[in-house]
Amino acid sequence: MDNNRNFIIAIALSLSVLLGWQFLYMKPVSDKARQQAIEAQQQAAAEQGTDPTVAGAAIAPRASSAIPVPTTPKFASREAALAATQRIAFDTSSLTGSINLKGGSVDDVTLKEYRQTVDPNSPPVTLLSPAGSPEPYYAYTGWYSDQADVAVPGPDTVWKQQGTGALAPGKPVTLTWDNSKGLVFKRAITLDEHYMFTINDTVENKTGKPVTLRPRAEVARLYEPTNLFGYSVLHEGLIGLFKDAGLKELTYSSAIKNFDPAADNGKGASKEIISDKGGWLGFTDQYWAAVLVPDQSKPLTARLFGTPQKDFFVEFSENPVTVAPGASETFTNKLFAGAKQVALIDQYMADNKIDRFDKLVDWGWFPFLTQPLYYLLNWLYLHVGNFGIAILLTTVLVKLLFFPLANKSYSAMNKLKMLQPEMKKIQERFKDDKQRQQQAMMTLYKKEKVNPAAGCLPILVQIPVFFALYKVLLVSIEMRHAPFYGWINDLSAPDPTNIFNLFGLIPWTPPHFLMLGALPIIMGLSMWLQMRLNPTPPDPIQQKIFAWMPVLFTFMLAPFQAGLILYWTWNNILTFAQQALIMKRQDKNMNLLEQIGLKKSNGAAKHPSHSHDVAHKPKAEPVRAGKAAEAKPASTVPAKAESSAPVAEAGEANEAVSTAEGAQAVIDKPQPTEPTTARPVAPVAAAPRGNLASKKSVKQRGKSGRNRRPGR
C-alpha cells in the first residue's frame, strides 16, 4: 500500500511539473493575446495624449530610461512611419530596407528569403521597424559627451548623405553632420550580401582644443513581442556574450527586473553593469536576431535591461577617447540583423574573429551533441531535399549508434517480463510482509541473473542525445515552413488538423487545449504499442496509470511542432520494432499480436507443477517376500489410494519451493521431512506349515506393512 501511495505521489508530482511547464512557460500565439497587445498599445498612446490611429500627432520623447529615444509621432502603421522621414534604400539578395537619415539609424530591415506564412505570396518577415511604428525595433550608434557645451549627434539629428545612390554590397554610403562648433561627424555604412552591416563613426576636431567623447551603440526594442515560441527550453530575449563574463541571457520579464530607476542620476538604467572586452550583444528570437558586434580588442561597458513601460535596451559604450585639435578618431562596430543560419554565423565568426558567435544559436546544455546532430541533419536535408525525410533518417542513424546499449536494455526488460509469473506468486505469498517479499525478489533476481536496473541505465545514457536532437529541431531554421507529405505543409507549426471538428468537416475551431491532430494521434498509438511490450507493473493501480499515459502525452504534445511529433512517432516505431526483435530472439514461440493484446492466446500453457509432480513422484514400495502370494489384486487398490495423498502433498511442496526460487530456504527454516519411499524391510523367513502361531504372525506383519503410509 505504501508503494502504491509513493508511486501515485511521484506520478502526480511529475504531471504537475509537466503541466506547469507547459502552461506557465508556454505562451501560445492566439488572437486574444494579440488583441491584448493592441489594447495595451492604445492605452499607452492615450496616456501620452496621442491617437494611435492618427498619424503626425507630435509627442514628447519617451523618458523611460537614461537611453535617449527619438522624438517622433505615433503612427498607425509601419508604412506611415517609414514615409515620414528621408531614407537611403538598400536591396540585396537577402535583405531589403532603408537607413533613416533622422538619427542615422538602421531601422528598416525585411528578410526577403522568408515569408510570414507558408503561403508563398504572403509578406516577407519584418525584422526592424522605426520609432513611431506599432513595434519599434532599431539599431543606433553615436557619441556621448559629458561636456554640456559639446554638441553631439543624437536620435533626432538629421544627417546628410554625401553623394547619391542606394546602399549596396560594395557600394557604401557616407552620412555627415556638422555641429557648427568645430566638430564634424561622419558615418560610413557598408553592407554585405547577407545580414552584416559595418558602421564606422568618425569625428574630426576643428575646434582648436581637445575634446573628449565616449562612443556608444544600442539596439532598442520598444515593445514586448507576443509571437515568441514560448518554451523555456529555447531562449528568446536579451542576450550577450563577453570574454570574461561569458553568456548572459535575460528574458523580457527578467530584463524588467534588472531595471534600477535610481541609476544614472535618477534617469533609470540597468542594475547590472558589465565591464569586459569583446563579445557581442543584442536580441534573439527563435529564428532571427539583431546583434551588435563591437571591436573585439577594446574594453567596453554593457547594459541589458528593460523598463516598466516595456522598453528594452541592449547598449554598450567604449572607453572615452580624447580627440586632439586637428585630429580625428573612428569608432567601428558591426550589426548583424537577419536569420540565424548556422553556416553563415560560423562564417562570420571565422572571418571577423567574433568571440563564440556560434552561441547566438541556442544549442542548449549539450552543444557537443547538438551541433554535430545539426550538421548531420542538415547534410541529409541537402541530399534528400525533404526535411521530414532527413528527420527520419537522422533518427534511424541515432538508433543504430545506440543499438548495443538499447539491445542490452530491452533484453534486460524482456527477461524481467518473463519472470513476472514467478514474481506475482512471490507477491501473493508474502503480500502481508513487504520485507520478506523484497528478499524473495532479490533471491529470484540473483538466481535468474537479472538486474532490475539494467534496463534503465542504457536508457539514461541515451537521454542527452535524444534531448539534443529535440533541441536541434527547435533551432533549425531549415525546418521553418518546410513541408512533409499529406496534410503536413509546415513542420515548424502544429498539426493543422483536429479530431474534434472531424479534421475540418465541421466549421468550428476548437479551443487551444483541445488541439489534437492526426499526427499526434498516430504518435499516441505508437507510444501505446511500444509500452505494451514493456513489463506490466504488478500493481493494478500502476497498470491503470501506465495505461492512460499515452493518452495524457498525446494531448500534452499535440501543440508542439509537427517536426517534433514526427520525430517522436518515428522513434516510438523504431523502438517498438527493435524491442519486438529482441523478444523474438529470446522466445521463438512469442506471438507479437498476443503480446500487444490484439490477439487472444490459443490456450493456457501447461502448469509448471505438472513436471514437478512427475519428477518428484515417489517410487513404489517394494513388495515383501510372501506378501505377493497372500495379497489379492483387490487389496492393492486401497494401498494406492492411500499413497496418493502424500504424493500430491509432495508435489505441491516441490511446486512451492520452485515458485519461490529458493527464497523459502533463505527466509524460513525448512522443516525436516522423511523420505517418501518406504524403509527397506528385512526378508521374513517363511513359517513352517502347520504352525498357526507363525502363520498368524506373518499375516499380521503383512497387514501392518500394507497399512503403513510411506514416510511414516
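Refer to the preceding data block for the structure.
Residues numbered from 1 in each chain as written. Predicted model: local features only at pLDDT ≥ 70, side-chain atom pairs only at ≥ 80, totals over all residues. Heavy atoms only, no water.

**Looking at the packing of aromatic side chains**
- Scanning the entire structure with this criterion turns up 27 aromatic pairs.
- Both rings, one in Tyr-567 and one in Trp-568, keep their centres 6.5 Å apart while their planes meet at 40°; by these two values the pair is tilted.
- A relative accessible area of 2% means that Tyr-567 is categorised as buried.
- Each member of the aromatic cluster is reached from another via a ring pair, and the members are Trp-365, Phe-366, Phe-368, Phe-467, Tyr-470, Phe-560, Tyr-567 and Trp-568.
- Sitting over the ring of Tyr-140, Arg-187 keeps its end group 5.9 Å from the ring centre.
- Arg-221 extends its terminal NZ or CZ atom over the ring of Tyr-137, reaching a point 4.2 Å from the ring centre. (Phe/Tyr/Trp six-rings, centres within 6.5 Å; stacked < 30°, edge-to-face > 60°. Buried < 20%, exposed > 50% of the residue type's maximum accessible area, 1.4 Å probe, protein only. Lys NZ or Arg CZ within 6 Å of the ring centre and 35° of its normal.)

**As for a nonpolar patch on the surface**
- On the surface, a nonpolar cluster with roughly 990 Å² of combined accessible area is contributed by Ile-499, Phe-500, Leu-502, Phe-503, Leu-505, Ile-506, Trp-508, Trp-548, Val-551 and Phe-555.
- In this structure, Trp-508 sits in the loop between helix 12 (457–475) and helix 13 (518–532). (Patch = residues over 30% accessible without salt bridge, like charges linked within 9 Å, V, L, I, M, F, W, Y side chains within 5 Å. Areas by Shrake-Rupley, 256 points an atom, 1.4 Å probe, with all protein chains shown as cover. Salt bridge = Lys/Arg side-chain N within 4 Å of Asp/Glu carboxyl O. Helix = DSSP H or I, 4+ residues; strand = E, 2+ residues; numbered from the N terminus.)

**A word on the pairing of strand 7 (residues 173–178)**
- Where strand 6 (residues 160–161) lies against strand 7, 2 bridges are found, and the strand directions are antiparallel. Pairing of Gln-161 across the sheet is with Leu-175, part of strand 7.
- Alignment of strand 7 against strand 8 (residues 183–191), held across 6 bridges, turns out to be antiparallel. In the sheet register, Asp-178 faces strand 8, and the bridge partner there is Val-184.
- Hairpin connection, strand 7 to strand 8: the antiparallel pair is bridged by 4 residues, and Ser-180 has positive phi, about 65°. (Pairing = 2+ DSSP bridges.)

**Topic: helix 11 (residues 434–448)**
- The end-to-end C-alpha distance of helix 11 is 21 Å, a good match for the 21 Å that 15 residues give at a rise of 1.5 Å each.
- For helix 11, the complete set of buried residues consists of Gln-437, Ala-440, Met-441, Leu-444 and Tyr-445. Taken down its axis, helix 11 places every buried residue within 140° of arc, on the same side. Opposite the packed face of helix 11, turned more than 90 degrees from it, sit the exposed residues Gln-435, Lys-446 and Lys-447.
- Between the side-chain oxygen at the start of helix 11 and the backbone nitrogen of Gln-435 there is a gap of 3.3 Å, and the oxygen is on Asp-433.
- Once helix 11 ends, the next one or two residues include Lys-449, with phi positive near 60°. (Expected span 1.5 Å × (residues − 1). Arc of directions from axis to C-beta. Polar contact = N/O pair within 3.5 Å; in protein donor to acceptor, adjacent residues only side chain to side chain.)

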